[in-house]
Each structure stands twice: as C-alpha cells, then as structure tokens.
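Fold and geometry: a report
Listed here are the chains, written in short residue letters.
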Amino acid sequence: MELIVASAIGILTAAGLYLVMRFRTFPVIVGTSLLTYAVNVFLFASGRLVVNRPPILTGADTYTDPLPQALVLTAIVISFGMTAVAVMIALGAYLGVGDDRVNADERLRDEPDAGREDRA
C-alpha cells in the first residue's frame with residue numbers, strides 16, 4: 001500500500017511540475033492543482049496508512065492520527081481559493097491582452113512597440 005501511495009505522489013508531482021512549466025495559463029493552473037493534490041496525499045499518508053482503526057484516545061493499540069486529516073482539509077480549502085484566484089487572474093489577462101501565453105517577454109521582443117503607449 002505504501003508503494004502505491006508513494007508512486008501516486010511521485011506521478012502527481014511529476015505531472016504537476018511538467019504542466020507548471022508550460023507556456024499557456026490553463027496548463028499552469030492544472031499543474032498547480034496537481035501539485036496541491038500531491039501535497040494533500042503526502043500529508044494524509046504522513047498520519048499512517050491504516051484501515052478501520054479508531055482515532056486517538058480510544059485505548060486501542062493502533063490508531064489513526066486525526067491531525068493530518070485536519071491539515072488536508074485545510075489545504076483543500078486553501079487550494080480551492082488559490083485556484084479560483086488564479087483562474088480569475090488568467091481570465092482577466094486573456095480578456096485584456098487577447099492571448100493566454102504566460103511569458104509576455106516574447107511578444108514584446110517580437111513587436112518592439114507592443115508594450116508602449118504613445119504619450120503626446
């Protein structure tokens with residue numbers, strides 16, 4: 001079970017990093033979401049991977065730790081808010097410029113007068 005969870009964390013991290021390094025905004029947002037999922041699974045796995053065990057304070061020999069579960073719940077709420085903000089910023093940039101490329105430097109390099117306004 002630990003091998004499967006560790007492999008899932010590695011695959012989510014690798015896919016998230018690959019997508020974050022893309023040049024469009026949508027893959028960057030999806031990659032950031034995959035990275036947060038990887039961190040959530042890592043936090044959840046840090047509280048021992050046991051099935052059908054009671055929480056702490058029951059007197060049982062093996063138990064499940066509720067603290068990583070609370071951390072994951074908090075991380076889910078924060079990542080949802082962060083994703084919503086990133087989507088709104090990307091949408092505003094797309095509507096303002098008409099392109100969803102992450103690196104605006106290439107566009108400015110191709111068109112020398114693209115970033116300047118005529119002030120007379």
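Before going into details, it helps to say that this report is about the structure given with it. This structure is a prediction, so every number in the text was calculated from the model and none was measured.

**Section: helix α2 (residues 25-45)**
In a regular helix each residue adds 1.5 Å, so 21 residues correspond to 30 Å; α2 covers 30 Å between its end C-alpha atoms and thus fits that length. Lining the buried residues of α2 we find α1 (2-20) and α3 (66-97).

**Observations concerning a nonpolar patch on the surface**
A surface patch of nonpolar side chains, amounting to about 510 Å² of accessible area, comprises Val 87, Met 88, Leu 91, Tyr 94 and Leu 95. Under the relative-accessibility criterion, Met 88 is labelled exposed at 55%.

**A look at the packing of α1 against α2**
Where α1 meets α2, the axes come as close as 7 Å, and the angle between the chain directions of the two elements is 155 degrees. Taken as axis vectors, α1 and α2 run roughly antiparallel relative to one another. By crossing handedness, the relation of α1 to α2 is classed as left-handed. Contacts between α1 and α2 pair Val 5, Ile 9, Leu 12, Thr 13, Ala 15, Gly 16, Leu 17, Leu 19 and Val 20 from the former with Pro 27, Val 28, Val 30, Gly 31, Thr 32, Leu 34, Leu 35, Tyr 37, Ala 38, Val 41, Phe 42 and Ala 45 from the latter. Its residues assigned to classes, the contact of α1 with α2 shows 17 nonpolar, 4 polar and no charged.

**A few points about the side chain of Thr 36**
Positionally, Thr 36 belongs in helix α2. Beyond its immediate stretch of four places on either side in the chain, Thr 36 contacts Ser 79 and Met 82.

**Comments concerning the environment of Leu 43**
Residue placement: Leu 43 occurs in helix α2. Residue Leu 43 is classed as partly exposed on the basis of its relative accessible area of 23%. Separated by 29 residues in sequence, Leu 43 and Val 72 place their C-alpha atoms 6.4 Å apart. With sequence-adjacent residues up to four places away left out, Leu 43 is seen in contact with Pro 68, Leu 71 and Val 72.

**Some thoughts on α3**
If you check α3, its first and last C-alpha atoms are 47 Å apart, about what 32 residues at 1.5 Å a residue would give, namely 46 Å. Residues of α3 that are buried include every one of Pro 68, Val 72, Ser 79 and Ala 90, and no others. Contacts from the buried residues of α3 go to α2. Backbone geometry just downstream of α3 places Gly 98 in the positive-phi region, at approximately 90 degrees.

**Things to note about the environment of Thr 13**
Inspection of the secondary structure assignment puts Thr 13 in helix α1. Separated by 19 residues in sequence, Thr 13 and Thr 32 place their C-alpha atoms 9.5 Å apart.

About the cut-offs
Residues numbered from 1 in each chain as written. Predicted model: local features only at pLDDT ≥ 70, side-chain atom pairs only at ≥ 80, totals over all residues. Heavy atoms only, no water. Helix = DSSP H or I, 4+ residues; strand = E, 2+ residues; numbered from the N terminus. Expected span 1.5 Å × (residues − 1). Contact = heavy atoms within 4.5 Å. Patch = residues over 30% accessible without salt bridge, like charges linked within 9 Å, V, L, I, M, F, W, Y side chains within 5 Å. Areas by Shrake-Rupley, 256 points an atom, 1.4 Å probe, with all protein chains shown as cover. Salt bridge = Lys/Arg side-chain N within 4 Å of Asp/Glu carboxyl O. Buried < 20%, exposed > 50% of the residue type's maximum accessible area, 1.4 Å probe, protein only. Axes fitted to C-alpha atoms, helices over the stretch in contact; angles between N-to-C directions. Parallel < 35°, antiparallel > 145°, perpendicular 65-115°, else oblique. Left-handed = near helix turned anticlockwise from the far one by under 90°. Nonpolar A, V, L, I, M, F, W, Y, C, P; charged D, E, K, R; others polar.

Everything listed is a geometric property; what it means functionally is a separate question.
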